[in-house]
Amino acid sequence: MGMLLVLALFSPLAILIRLLTSGDSTTEEGLEYGQGNRDRHGPNTPTWLAAAPWAPLPALLAALFLPEDLTLDLPWLFLGTLLRLDRTARIFLALTATVWLAAGWYARGYLPATGERPSEERRFWGWFLATMGGNLLLIPCQDMVSFTVFFTVMSLSAYGLVIHHPSAPNRAAGRAYLALAILGEVVAFAGLVWACRLAQGEVTFAAAATALAAGPSRDAVLWLLIAGFGIKLGLVPLHVWLPLAHPAAPTPASAVLSGVIIKTGLLLWLRLFPWGTGALLPGSFLVLAGLTGTFGAALAGLTQTNPKALLAYSSVSQMGFVALAAGLGLRADAGSGAEIEPLLICLGVFTVHHGLTKGALFLGVGLTQTSLSPACRRIVMGGLGLLGASLAGCSLTSGQAAKALLKGSLPLAGAAWQPTLEVLVPLSGVTTMLLLLRFLALLPREGKPGLPAAPLTMLVPWAGLLLGMFLLPVALLGPGGFSPATLGLTVGGLGKAALPPLAALAMAAVARRVAPSIAERLRACLEVPPGDLLHLVGLFVASPPVPARPPTLAAASSDVALPFLNDLSPPSPAHKGVEPIASCPLPTETPQGSQPTLPLSEVSPPRCSIPGTLDPLLPSWGERPVVEWVLAGISRFEGFSTGLLLMVLLAAGLAFLL
Amino acid sequence: MNWYKWLPVLMIASSAGPAIAIFFLAEESHGWRTLWNMLGAVLKIVLMGVLFYEVHLGREIAFHVPLMPGLTFKLHADSLSLLFAGLSTVLWFLTTIYAIGYLEHSPHRSRFFGFFSLCVSTTIGIAMAGNLITLLIFYEFLSLTTWPLVVHRGNPTSIAAGNRYLVYTLGGGALLLLGVVWLQTLVGEIDFVARGGLSALEAGTHNDLRLIFTMLVLGFGVKAALVPLHGWLPGAMVAPAPVSALLHAVAVVKAGAFGIVRVVYDIFGIEFCERLGVLEPLAGLAALTILFGSWRALTQDDLKRRLAYSTVSQVSYIVLGAAVFGPKATIGGIVHLVHQGLMKITLFFCAGNFAEELGLHRVSELDGVGRRMPWTMAAFTVGALGMIGVPPVAGFVSKWYLGWGALEAGMPWVIAVLALSSLLNAGYFLPILYAGWFAERTSPWPATHGAPFPGTSIHFPPDSPANMGGPSATETCANPPAKLPREPLMPPTRGKHRASHEAGAPTAIVFGSEGSPSVPGGLSPASTSTAAWEISPLLLAPPLVTAGLSLLAGIFAGSSFSPLYWARFIMMGEY
C-alpha cells in the first residue's frame, strides 16, 4: 500500500525518464524541414507526450482514495525517510495534483496553439515534469531531509520553466528567481540543520517541531525558516522574484508557480512551526510583513500593465494573509487557552481556495489571448470576473469561506491588535477587488492575430478549476464539515461579504466615469516596475552600465510568441500615450514600494546582460574596498612567498629545538 | 602467523609491482601496459574487499618491520585507513581506464603510467601507515612521485609549476619531519591509536605539544592546500587531466587532509586537542580557506583553475570537520573525504573531456556544450550541484553533518561559513551549468579531438584513430545506443552535418575543425563521420560512474553500504 503511494507520486518522474530516453524522431524532422506543427499530435504522438498531461492523475487518486495516515518508513533513503499521508498532506496533494492536472492539459493545447516548435515543447515538458515530480513528492514527506531534496528538485527545475523563452528580460527574471531560490535553500538549510540539532538528530518534522517548541534557540531557527521558506511563499520583502518570474514563464507554468509551488513554503511552516508557543517577535514580524504585503502588493499591482505581473502581485498580496495567519499562530499562546487548530484549518482552506482561484486566473490570461468566439470570450471574461470576486472574498465563493475562517481566528491576535485587524481584513477585500478589476481591464479584448481559437484542452481545465472554486464551500459544508455559520453563509454574512467587492466596483466605476485620464496619469506616476525592491538594490550596487531597456524578446524564438506576455520591463510610456515618467513629480502620498520610480527607469534592470555570471551582485561583492583589500592581501601570498614563509617557520622550529 | 597481516603490504605491492613492470615496457607495447594497469587495479579492488570484510569483523591487521631501535615501519588497517584506501582504490581503477583513453597516443606513456601507479602505491601507504614515521616516509614519497606527473608535458609552464610544487611540498615535508622528530624525542615512538596517546602527558609539555601540533598541521596543510599554503595547487593544473583528477582532487590533497585527521584523532586525540585549545585556530584557518578558495574560484576563467580553487575550498571542509569538536562534525568531515573525492574527480574528468573532445579550456567557451556532450555535461552537473550542497547529491550529506556538528559544538558561525560557501559555490558553478545547458552556441568549437598535449609537436594524420575518437567510433556507429541526447543540435557552422536518420539517431554531430592544424580544411574524415558516442567510452564511462556514485552516496546515505555508514563506524572509535 505504501509503495502504491510512492508509485503514484513518482509517475511524473517516470514519464520524464521516458522523455529523456526516447529518441524523438518528430523533433528532428520538424526542425529539419520546418514542417507545420499542427498535425504532429496525430497517430505518431510520442508515448511520453500522450502520458505527460496525465502524470498528476495517480497522485490525485492517491490523495482521494488511499487510506489516511498511510505510513511508509524508508530508513535507508537519504538520512532516513518517513512518508505519511496525513490530513495536511492529503489536502495539499489533492490541490497540487488538481492544479498540475489542469495546467498539464492546458499546456497540451497551449503550446501548439502559441506556435512552440516541437523541440521547445519537449524542453518545456521536461522541466514541467521535473518540477511536478518534486512538487508532488515533497508533500507526504514527514522528515526534513527528504522534504528538502524534493523541494530543491522542484525549485531548480522551475528555473527551466521561467526561462523557457530565453529572451534577455526573461533571463534576467530567471537570474532573480534562481538567485533567490538558492539563497532560500541555503538559509533554509541552516534553519533545518538547527532544528535537527535541537531534536537530537531526529530528522522527522514531528520531533523537530516538538524540540523547537521547547528549544532555547527557537527564535533563531524561526527566523531562518521564515526567511528561507518565505522566499518561496512570496513573503514581503523577499517576494521580488514573483512579479518577474510569473510573466516570464509560459502561462501553464505561471499557473502552477502561483497556484501551488509557492504554497510549498507554507507546507513546511505548517509542519515545523511551533504553533501556539508565544513566539512574539517572529510572529509579530510575520503579521506586519503579511499586512504590508496584502496592501502594498495590491497597490503596487494596481500600477502594472502586464496582467501576469499584476496577478503575481495579487499572489504576493494574498500570501500576505497566509503570513498574517501564520504570525497569529506563532504569537498565540496555547498555554493560556488559545485555540490553534482552527487557524491551521483556515490556512489549509485558504491554500486550496487560492490555489484553485489563482491557477484559473492565470490560465484565463492565456485564453483571452487566443481568438475566441464572442460568446465564448464573454463566458471567459465572466468567469475571470467571478474568480476575481472570489479572491476578494465575495459571497458564495471559496474566498468567502476562507475569509470567514480567517476572521474567525482573528481573536488570536489579542485585544491590542484584534480591532485593527478586524477593520483591515475586510478592507483588503476592496483593494483586492480593485486589483482584479484592473486585471480585467488589462486583458486583451480580442485574440492575437494569427493565434487559433483556444482548443477544448485549454478551455476545459480552466472551467474545471473555476468549478472547483465554487465546489470548495460545498465540500466544506459536507458531512463532518463546518456549520454554515462558520463559513459566513448566513444572510448577514453573505451581505457583509458582498460589501467590499461592491465598494471596489463602485470606486472603479466612478474613477472610470469621472476621470479616466487622471487615474491613468496617477497610475503612470506611481508605476512600480515588476520586482520593485530588486531595483532598489540596483541603486546601491555599482553595476556596469547596461542598456536601460533590453530588447524586447520579439520573436527570437518563434513568430507567434507572445511578446506582450513575456515582456517584463515596464512598457515604455511613449507607447501608452502618457507623459514620460521623468516629467511627473512624485506625489506626496506615494505608497512605500514606489519611491524609486524616478531613478528606476534609468537604472532599471541591473540584473541584465552580464555574461557568464548569474548574479551580478557577486562580482561586485569583491569590489568593496575593505573586502577587496583583505582578500587581495591574502591572494598575494599565493606566490613563492609561501615558500619563504615555510622556511622562516622551519628556522624558527630549528632554533627552538636547539 | 596470520595470513591477513600481509594484506596491507599486498595492497601497496598490487600497484607498485605493475609500476615497476611498466617502467621496463617499451613505449609501443600498449597491450601489455594496459594489462598490467588493469591487473593491478582489479587486484587492488579485490584485496580491498577482503580488507573491508576483515576490519568490519573487528580483526586487528598490522605489519611491523623494525627499522632501527625506536623506529618501526608499521602498516595497519583500521576503519579510517580503509576509508581513504578504499576511495583511492576505486578511483584509481576508474582513473586508469580514463588515463588509458586519454593518453594512449601521447609520448612517454611508460613513464607516465609507471609514476601514476607508484603514486597510488604511496597513497595507499599513507592510508595504511600505522605510525607517524611510516606516514612521513610515504608522504615524502608522494611528493617525489607526483612531481614527474606534474611536469609530464615538459613545457616551461609545467616545469615552473613543478618547481613550485616541489618547493611547497618539500618545505612542508621538512616542517613535518621536524615535528615528528620533536614529538619522538618527547614521548618516544607512538602508533596511531583511536582517541590518541598523548593525553597522559603532564601539563608542562603542553606548550611544546601545541607547537608540535602546529608544525604537523602546517606540514600536512601544504598538501591539503590550507590558505596560505595553497599556492602550488592552481599551478599544478597544467598536468594532464587524469593527474588533476586523481592526484590533485583526490590523492595528494586528501593525503594532507588525511594526515591532519590522523594527527587530530589518532595522535593527539580530539578530546586532548580540545583541552590544548588548538582546535579553534584550526577551525578558523579551515573556514578562511573555505571562503577564500570559493572567492578566488569566482573570478577564474580557466575551467581547471576554477576547479582547483574549488578543491582548495572543499578539502578544508574535511579539516573543518576535524577541527570542530563533536561526533557529528567528525562524521561530516570524514565522510566528506569520500564525497568530495567522488564529486571532484567527476568534475575533473568532465573538464578533461571538454578539453579533449572540443578543445574547451575556459568557462567562457562552454556555451552550448550540453547539447554537444549531454552525458558529460550531465555528469558535470551532478558534480557541481553536489559541490554546492544541493540535495540529494552526496555533498549535501557532508554539509548537513558538518552544520549539525558545529551547532553541537556551540559554534553557530560555522553554519554561516557553510551557507556563505554554498552561495559562493553556486556563484561559480551555476554559470557553468547555465552556459552548458541554456546558452546558445554562436561560434564553432575551438578544436575537435585536439591532441592531448598542445605543448608538444605531435600531430596525427586526420584519419588516425586518435582523430576519430579512438577505436570506438567505428564500432559504435554500427550499434547506435538506445539513449539519445535530449536536444538535437543546430549551431550554425559550415562544417555541419546531419546525422543519418536511418541509422537510428546519432545526434552528436562533429564539426569541422578550423582551429586544428592537423585537419586540412573543414571537411576531414572526422567531420564527416558521426560519432554515436559524444566521446570515446573510455573517457565517458568514468565520469558517469563517479557521478552516479556521488548521487547514490547521497540518496542511499541511510543504508549500510554508504560512506556515511562507514564514517559513523569510524566515529564510534574516536569518542
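Report on the accompanying structure. (Residues numbered from 1 in each chain as written. Chains lettered and ligands numbered in written order. Predicted model: local features only at pLDDT ≥ 70, side-chain atom pairs only at ≥ 80, totals over all residues. Heavy atoms only, no water.)

**A few points about the overall build of chain B**
Put simply, the rule is: Helix numbering and strand numbering both begin at the N terminus, where a helix is a DSSP run of H or I of at least 4 residues and a strand a DSSP run of E of at least 2. Exposure is judged per residue with a 1.4 Å probe applied to protein chains only, and the accessible area is read against the type maximum: over 50% gives exposed, under 20% gives buried, and values in between give partly exposed. The Shrake-Rupley method, run with a 1.4 Å probe, gives the accessible areas here. Residue values count only the displayed protein chains as cover.
The helix and strand inventory of chain B stands at 21 helices and two strands. Looking at the 575 residues of chain B, the share that counts as buried comes to 66%. For chain B, the accessible surface area stands at approximately 17900 Å², while carbon and sulfur atoms represent 67% of it.

**Re the overall build of chain A**
Spelled out, the test is: Only heavy atoms enter the contact rule, under which two residues are in contact if any of them lie within 4.5 Å.
For chain A, the helix and strand inventory stands at 29 helices and two strands. For chain A, the proportion of its 658 residues judged to be buried stands at 61%. Counting only contacts in chain A whose residues sit at least 6 apart along the sequence, the fraction spanning at least 24 positions is 82%. Accessible surface, chain A: about 24200 Å² in total, of which carbon and sulfur atoms supply 70%.

**Topic: the pairing of strand β2 (residues 71–76) of chain B**
All names here are of chain B. Put simply, the rule reads: For two strands to be treated as a pair, DSSP must find no fewer than two bridges joining them.
Within β2, six of the six residues are buried, which leaves it mostly tucked inside the rest of the structure. Residue alternation in β2 divides its side chains into two sets, Leu71, Phe73 and Leu75 and Thr72, Lys74 and His76, and both sets are buried. Pairing between strand β1 (residues 62–68) and β2: six bridges, direction antiparallel. Directly across from Pro66, in β2, lies its bridge partner Thr72. Hairpin connection between β1 and β2: a loop of two residues separates the two successive antiparallel strands, and Gly70 in this loop has a positive phi of roughly 85°.

**So, the environment of Trp3 of chain B**
Residues and elements named next belong to chain B. Relative to the helices and strands, Trp3 resides in the segment before α1 (7–23). Spatially, the C-alpha atom of Trp3 lies 9.7 Å from that of Ile61, the residues being 58 residues apart in sequence. Excluding residues that lie within four positions of it along the chain, Trp3 makes contacts with Val50 and Glu54.

**With respect to the packing of helix α7 (residues 144–162) of chain A against helix α13 (residues 263–272) of chain A**
Residues and elements named next belong to chain A. Condition: In this analysis an axis means a line fitted to C-alpha atoms, helices contributing only their contacting stretch, and an angle means the value between N-to-C directions, from 0 to 180 degrees. Note on terminology: angles under 35 degrees are roughly parallel, angles over 145 are roughly antiparallel, angles of 65 to 115 are roughly perpendicular, and the others are oblique. Residue type decides the class: Asp, Glu, Lys and Arg count as charged, Ala, Val, Leu, Ile, Met, Phe, Trp, Tyr, Cys and Pro as nonpolar, and the leftover types, Gly among them, as polar.
Taken N-terminus to C-terminus, the directions of α7 and α13 make an angle of 170°; their axes are 12 Å apart at the nearest point. Regarding the angle of α7 to α13, the classification is roughly antiparallel. Each of Met144, Phe147, Phe151 and Met154 in α7 lies in contact with α13, whose residues at this interface are Thr264, Leu267, Leu268 and Leu272. Of the residues in the contact of α7 with α13, the class split is seven nonpolar, one polar and no charged.

**Quick notes on the pattern of salt bridges**
Residue and element names in this part refer to chain A. So the rule is basically this: Here a salt bridge means any side-chain nitrogen of Lys or Arg lying within 4 Å of a carboxyl oxygen belonging to Asp or Glu.
All told, the structure shown has 13 salt bridges over all chains when counted by the stated rule. Here Arg87 ties to Glu68 by a salt bridge, and the two come within 3.2 Å at their closest N and O atoms. In this pair, Arg87 is assigned in helix α5 (residues 87–113) and Glu68 in the loop between α4 (57–65) and β1 (71–74), connecting sequence segments 19 residues apart. Relative accessible area serves as the criterion here: at 54%, Arg87 is assigned to the exposed category. We note a salt bridge from Arg90 to Glu68, for which the minimum N-O separation is 3.4 Å. Of this pair, Arg90 sits in helix α5 while Glu68 sits in the loop between α4 and β1; the two residues are 22 residues apart in sequence, bridging distant segments of the chain.

**Some remarks on the nonpolar core**
Note that soluble globular proteins tend to have their nonpolar side chains buried in a common cluster. Stated precisely, the cut-off is as follows: Residues enter a nonpolar core if they are buried and are Ala, Val, Leu, Ile, Met, Phe, Trp, Tyr or Cys, with the set joined through side-chain atoms within 4.5 Å.
With 393 residues, the main nonpolar core has Trp125, Trp269 and Phe439 of chain A together with Phe268, Phe354, Phe380 and Trp400 of chain B as its most contacted residues. Once residues within four sequence positions are removed from consideration, Phe439 of chain A is found in contact with Pro307, Leu310, Leu311, Leu361, Val365 and Leu384 of chain A.

**Observations regarding helix α6 (residues 118–138) of chain A**
What sets the pattern is the α-helix's 3.6 residues per turn: residues three or four places apart point alike. Formally: Here, expected helix span is obtained from the residue count minus one, scaled by 1.5 Å.
Over its 21 residues, α6 of chain A runs 30 Å from end to end, which matches the ideal 30 Å to within 8%, given 1.5 Å per residue. Of all 21 residues in α6 of chain A, 20 are buried, a share of seventy percent or more.

**Brief notes about the packing of aromatic side chains**
Residue and element names in this part refer to chain A. For clarity, the cut-off: Ring geometry is summarised as follows: Phe, Tyr and Trp rings, the Trp one being its six-membered ring, pair when their centres sit within 6.5 Å, and such pairs are stacked at plane angles under 30 degrees, edge-to-face over 60 and tilted between the two. In this analysis the charged atom, NZ for Lys or CZ for Arg, is taken to sit over a ring once it is within 6 Å of the ring centre and within 35 degrees of the ring normal.
Scanning all chains against the criterion turns up 41 aromatic pairs over all chains. Taking 5.6 Å as the distance between ring centres and 80° as the angle between the ring planes, the aromatic pair formed by Phe147 and Phe205 counts as edge-to-face. A residue pair is termed long-range when its members are at least 10 positions apart, and Phe147 in helix α7 and Phe205 in helix α9 (residues 205–214) qualify at 58 residues. The pair formed by Phe147 and Phe205 is uniform in burial state, with each residue classed as buried. Taken together, the aromatic side chains of Trp100, Phe124, Trp125 and Phe128 make up a single cluster linked through ring pairs. Its end group placed over the ring of Trp241, Lys232 keeps NZ or CZ at 5.6 Å from the ring centre. Of note, Arg331 hangs over the ring of Trp417, and the distance from its end group to the ring centre comes to 4.1 Å.

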